[in-house]
Amino acid sequence: MFIHQVLFKIKKKDVPVYTRDCKLWAKEAAKHAGFIGYHTLSRTNEKDQYASHYIWNTEIHHSRFMKKHHDRLVSLSKCPVQVLGYYNFKAI
């Protein structure tokens, strides 16, 4: 299992737009091999920080999806975000 997570700083008023953007990404990802699921998360100990957490069978599945769809989906996303970090995990 491979997990890709991006941590964002988002103004509270923009959170509904952010969640719609997350659903857009997840809907597209669901059409591709290896996609397991996603979660939209808020940090409990930091103000205005949210994460998009996407789960894939393998890193290769994730990489193929990102190579083909990342730029297009960024252009369709409406929420103004500040990226705080990218995190990749794999099950051991």
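Coordinates for the structure precede this section.
Keep in mind that this is a model prediction, so the values were computed, not measured.

Some points on the overall build of the protein
For the protein, the count of helices and strands is two helices and four strands. Starting at the N terminus and walking to the C terminus, you meet the elements of the protein as β-α-β-β-α-β. Computed over its C-alpha atoms, the radius of gyration of the protein comes to 13 Å, within 12% of the 12 Å expected for a compact globule of 92 residues. For the protein, the C-alpha atoms occupy an extent of roughly 35 × 30 × 15 Å along the three principal directions.

Let's talk about helix H2 (residues 59-76)
An ideal rise of 1.5 Å per residue puts 26 Å on 18 residues; H2 measures up with 24 Å between its terminal C-alpha atoms. Of all the bends in H2, the greatest measures close to 55° and is centred on His69. Every buried residue belonging to H2 is among His62, Phe65, His69 and Leu73, and all of these are buried. Looking at the buried side of H2, the elements it contacts are strand S1 (2-9), helix H1 (15-29) and strand S3 (49-56).

Things to note about unusual backbone geometry
Positioned with a positive phi, Asp48 is a non-glycine residue whose angle comes to about 60°. By the secondary structure assignment, Asp48 is in the loop between strand S2 (35-42) and S3.

Considerations on the sheet that holds strand S4 (residues 82-90)
The four strands lie next to each other as S2-S3-S1-S4, forming an open sheet whose pairing is antiparallel. Here the strands that pair on one side only, and so sit at the sheet edges, are S2 and S4. Strand after strand, the sheet turns through a mean of 15° between neighbouring axes, direction not considered. Against the sheet, H1 makes contact with S1, S2 and S3, and its axis sits at roughly 10° relative to S3, the strand it touches most. Those strands touched by H2 are S1 and S3, and its axis lies near 50° from that of S1.

Here is what the cut-offs are and how they apply
Residues numbered from 1 in each chain as written. Predicted model: local features only at pLDDT ≥ 70, side-chain atom pairs only at ≥ 80, totals over all residues. Heavy atoms only, no water. Helix = DSSP H or I, 4+ residues; strand = E, 2+ residues; numbered from the N terminus. Rg over C-alpha atoms; globule rule 2.2 N^0.38 Å. Expected span 1.5 Å × (residues − 1). Bend = angle between axes of the 7 residues up to and from the residue. Buried < 20%, exposed > 50% of the residue type's maximum accessible area, 1.4 Å probe, protein only. Contact = heavy atoms within 4.5 Å. Pairing = 2+ DSSP bridges. Axes fitted to C-alpha atoms, helices over the stretch in contact; angles between N-to-C directions.

So far we have only geometry, and geometry alone does not tell us how the molecule works.
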